[in-house]
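Take a look at the letters that make up each chain.
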Amino acid sequence: NVDDLGTLTILGTAVVGTTLTTALADPDGISGTPTYTWSVDGVEVVNPNADQSTFTLTTAEEGKTVSVSVAYSDPFGSHTLSDAIDSGNNGGTTVGGVDDLGTLTILGTAVVGTTLTTALADPDGISGTPTYTWSVDGVAVVNPNADQSTFTLTPSEEGKTVSVSVTYSDPFGSHTLSDALDAGNNGGTTVGGVMHRQSTLVTIVVDSATNDGTILESERTTATPNLTSIKIEIPSDAQAGDVITVSNELTGSVIATWTIGTNANAGETKYLYDAVTLPTGSQELIISTTIIDSAGRHGPTGADSAILNQAAVVSANNSTLLGLVGAEALGVLDISNQAVFAMDVNNNIETVTVTYSSLVNLSTYQLAVSNVLAAELGLTISIVNNAGLLGLLAASSVITITATDGGAMDNQKLNELLTTIHFENTTLDVGVGDTLSITATDADGLSATDSSSDLLNIGLLAAQGTNSGIQEGTSGNDGLVGTANSDRLYGYAGDDTLSGDTGNDLLRGGAGIDTLNGGDGNDILIGGAGHDILNGGNGDDVLYVDYSNELSNDSDKINGGAGFDTLYISGGNVGFNINTLYFIDPTAISGIEKIDITGTGINGLELSYANLLNLSDTSDILYVTGNEEDNVTLTDTEAFRGSATVDGVVYNTYDIGGTSAADIWVQQDIRVI
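Residues numbered from 1 in each chain as written. Predicted model: local features only at pLDDT ≥ 70, side-chain atom pairs only at ≥ 80, totals over all residues. Heavy atoms only, no water.

Asks: How should I be thinking about the overall build of the protein chain in this particular structure?
Replies: Secondary structure assignment for the protein chain yields seven helices and 53 strands. Looking at the protein chain as a whole, 47% of its 673 residues are labelled buried. As displayed, the protein chain offers around 28,700 Å² of accessible surface, 51% of which is attributable to carbon and sulfur atoms. (Helix = DSSP H or I, 4+ residues; strand = E, 2+ residues; numbered from the N terminus. Buried < 20%, exposed > 50% of the residue type's maximum accessible area, 1.4 Å probe, protein only. Areas by Shrake-Rupley, 256 points an atom, 1.4 Å probe, with all protein chains shown as cover.)

Structure below.
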């Protein structure tokens, strides 16, 4: 007979906790007792198992190889065989970890209007797409959210329990986890309702001055340095039993709690003197309020914020603009053609100087800027040219920019003007040692400077007067047409027609009856004085209108067009009544999804549900942003639907159409009447 070859196979999944077994076979039979030797990472180990043909995997073997050899006899003599764990028989060539327990947690406050989210985690990893099932009072429901891991609480869930289960897989197989609302993570075991109250107004008071969003250094060096007081205006419609909580979002601490009818009254103004430590560095101080009635229902939130005055961000090198911290504050304004740039998060730059200096005068380079645009923007410029020593060495040209009214300069207007700075001599012959610098000084005396000797960047100053995308009109009736790039078109006086193209354009009409057509791209349209026509076109556009004195039969005509478009009310102390405007002219405004009433002073917005629907052809939701003390009057009965955050902005949401949906989202700083 032939001595047939025997086989040895390790069986079992190669994960911690598994007891591996062996399958030994020989067609000629096995005589005597086989002797097994187990090895880990190629090193023999003592096997504690009584049955030496088995081996139990522990955490000591995790991540390592395991093999076994056996010595046995058949009728033909003695033989030795071996095997090691492999992907085919054991699921891997090394030992996997323990099948760790996963976790599922519902996140979000359990009140109507909140969108609950879930946190699913498993130390072993998650494979495939988890399947979520939400239940209300123990009964599975259909979740209308596209993201099934989230669930939006509506009035139908008020007073009920909400839970979720998830089925998912990890390398060890399929698992199911569940979680339900609880007091720790969600503020309660059942869904709280919402109630209508006016929001509680919060004002940060620094050095006895009402907060303007910026804390100057001089305001930190008073009798109570580094401390600020808080002014709280309790809603006039607050009811007995309502609990108002004031919190410091920066530290996560509660500052004060009042109960109406016990230690506070409806309509009362409370002061918390020297109650909060001012922020440091770039930290933002946010003081927020909540109001909850005796039934546990939540009302609108309130908030005020302030940041320590920061030095401006400046750049004298165009190549650094793309990732410049702070540049995003200018929104859709295209700054790619600028040789110099300046902005301030506090929006309080008072002086900017741009200097070109030459070590050796190869030619005459004097800086110039658009005087007409400066006047249009309310800015004043002065230019000082120095020919240098004998006209040969150390020449310089300096432009100084200030606000005509002596105050702070708007970031956007400042950068519009900076783009027009250029050399009068466009035949470039700059050399080594030539330097371009910019310095910005704010209202608190903080300055920032940047300089560049990059010849390509300096070369932009020769080009900015000719190919920067800027077109300027005259005092007559002009027609300006942009290109496929990002253009800036200025009509100035006269009845002008400005038309952008496919870029992200800025169109500023100036005085006169102007027509502004944004075209494609995310455009900025600024009508200016006179009754203008603003057409945003495609893209997410911002349309600026001063309605201070324009509520008449020939008011500006606004059409945002396709995309998510914002109407910015740029006047001061404006009562913007959309109901009145539509009564005068039903076609006055269309294609608008957001209204910003920031402007200056205390501004108000008034509208009905019917006119909210008239604002946009594509959305039944209107977003409203603004400042503290601005207000929104809703002429239909409204129902508060909860608070939510979009793009970092906290909104109080209301149903004014009786649909149970949130129709109007109002920034929490604004009081709804």
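On we go.
Asks: Please clarify how the sheet that holds strand S8 (residues 103–107) should be interpreted in this entry.
Replies: Ordered by their spatial adjacency, three strands build an open sheet running S8-S9-S12, and the pairing between neighbours is antiparallel. One side of each edge strand has no neighbouring strand; the edge strands of this open sheet are S8 and strand S12 (151–152). As judged from the five bridges shared by S8 and strand S9 (residues 115–121), these two strands associate in the antiparallel manner. For Leu107, the partnering residue across the bridge sits in S9 and is Thr117. (Pairing = 2+ DSSP bridges.)

Asks: What is the right way to read helix H4 (residues 411–418) from this model?
Replies: One turn of the α-helix equals 3.6 residues, which is why residues spaced by three or four share an orientation. For H4, a buried count of seven out of eight residues is recorded, marking the element as mostly surrounded by other parts of the structure. All buried positions along H4 are accounted for by Asn411, Gln412, Leu414, Asn415, Glu416, Leu417 and Leu418.

Asks: Hey, could you run me through the environment of Thr637 in this one?
Replies: Mapped onto the secondary structure, Thr637 falls in the loop between strand S49 (631–634) and strand S50 (639–646). In this structure, the C-alpha to C-alpha distance between Thr637 and Tyr654, residues 17 residues apart in sequence, is 9.8 Å. For Thr637, the contacting residues outside a window of four places in its chain are Asp655 and Ile656. (Contact = heavy atoms within 4.5 Å.)

Asks: Looking at this structure, I do not really get the pattern of salt bridges. What am I missing?
Replies: Pairing of side chains with opposite charge becomes possible as their charged atoms draw close. If you walk through the whole model with that rule in mind, you get five salt bridges. The partner of Glu416 in a salt bridge is Arg508, with the nearest N and O atoms 2.6 Å apart. Of this pair, Glu416 sits in helix H4 while Arg508 sits in strand S37 (residues 506–508), and the two are 92 residues apart along the sequence. Under the relative-accessibility criterion, Arg508 is labelled buried at 9%. A salt bridge links Arg641 to Asp655; its shortest N-O distance comes to 3.8 Å. Residue Arg641 is located in strand S50, and its partner Asp655 is located in strand S51 (residues 649–655); the two are separated by 14 residues in the primary sequence. (Salt bridge = Lys/Arg side-chain N within 4 Å of Asp/Glu carboxyl O.)

Asks: Would you take a moment to explain the pairing of strand S13 (residues 162–170) for this structure?
Replies: Where a strand is regular, its side chains alternate between the two sheet faces. Side-chain alternation along S13 places Val162, Val164, Val166, Tyr168 and Asp170 on a buried face and Ser163, Ser165, Thr167 and Ser169 on a face that remains uncovered. In terms of strand pairing, strand S10 (residues 127–136) meets S13 through seven bridges, oriented antiparallel. Residue pairing across strands places Thr131 opposite Thr167, the latter belonging to S13. Two elements, S13 and strand S14 (residues 173–180), share eight bridges in a ladder whose sense is antiparallel. Of the residues in S14, the one forming a bridge with Asp170 is Gly173. A loop of two residues connects S13 with S14, the two strands running antiparallel in sequence.

Asks: In this structure, what is going on with the packing of aromatic side chains? I would like to understand it.
Replies: Geometrically, a pair of aromatic rings is defined through the distance of the ring centres and the angle of the planes. Considering all chains together, one arrives at 11 aromatic pairs under this definition. Ring plane angle 20° and centroid distance 5.1 Å describe the contact between Trp38 and Phe55, whose orientation is recorded as stacked. Of this pair, Trp38 sits in strand S3 (residues 31–40) while Phe55 sits in strand S5 (residues 55–56); the two residues are 17 residues apart in sequence, bridging distant segments of the chain. In this structure Trp38 comes out as buried when scored by relative accessible area, which is 1%. A centroid spacing of 5.1 Å and a plane angle of 20° characterise the contact between Trp134 and Phe151, whose relative ring orientation is stacked. With Trp134 in strand S10 and Phe151 in strand S12, this residue pair connects regions lying 17 residues apart in the sequence. The buried category is assigned to Trp134, whose relative accessible area is 1%. You can call Phe151 buried: its relative accessible area is 3%. Members of the aromatic cluster, each reached through a chain of ring pairs, are Phe564, Tyr623, Tyr651 and Trp665. (Phe/Tyr/Trp six-rings, centres within 6.5 Å; stacked < 30°, edge-to-face > 60°.)

Asks: Mind showing me how you'd approach the sheet that holds S13 here?
Replies: Hydrogen bonds between backbone atoms are what pair the strands of a sheet, whose relative direction is either parallel or antiparallel. Reading across from one edge, S11-S10-S13-S14 is the order of the four strands in this open sheet, with antiparallel pairing throughout. What marks the edges here is a single partner per strand, and that holds for strand S11 (139–140) and S14. Where S10 and S11 come together, two bridges link them in antiparallel fashion. Residue pairing for S11: Ser135 is matched across the bridge by Ala140.

Asks: Where do I start with the environment of Thr150 in this structure?
Replies: Here Thr150 lies in the loop between S11 and S12. By relative accessible area, Thr150 is classed as buried at 12%. Sequence-wise, Thr150 and Leu107 are 43 residues apart; in three dimensions their C-alpha atoms are separated by 9.3 Å. Beyond its immediate sequence surroundings of up to four residues, Thr150 is in contact with Thr115, Leu116, Thr117, Trp134, Asn143 and Asn145.

Asks: Sorry, what's going on with the nonpolar core here?
Replies: One broad rule of soluble globular proteins: the nonpolar side chains tend to lie buried together. By size, the foremost hydrophobic cluster in this structure holds 58 residues, and its most contacted members are Tyr547, Leu567, Phe576, Ile589, Ile595, Leu607 and Ile664. When residues in this core are grouped by element, the largest group, four residues, is from S13. In this view, Leu567 contacts Leu543, Val545, Tyr547, Ile558, Phe576, Ile589, Ile592, Lys594, Ile595 and Asp596; residues no more than four positions away in its chain are not counted. In terms of nonpolar packing, the next biggest core, distinct from the first, is built from 36 residues, Val314, Leu414, Phe423 and Tyr490 among them. (Core = buried A, V, L, I, M, F, W, Y, C linked by side-chain atoms within 4.5 Å.)

Asks: What should I look at first to understand the side chain of Ser229 in this one?
Replies: Relative to the elements of secondary structure, Ser229 occurs in strand S18 (residues 227–233). On the accessibility criterion, Ser229 (11% relative accessible area) is buried. Side-chain polar atoms of Ser229 contact the backbone nitrogen of Asp274, separated by 2.9 Å. Not counting residues up to four positions away in its chain, the partners in contact with Ser229 are Thr203, Ile204, Val205, Leu272, Tyr273, Asp274 and Ala275. (Polar contact = N/O pair within 3.5 Å; in protein donor to acceptor, adjacent residues only side chain to side chain.)

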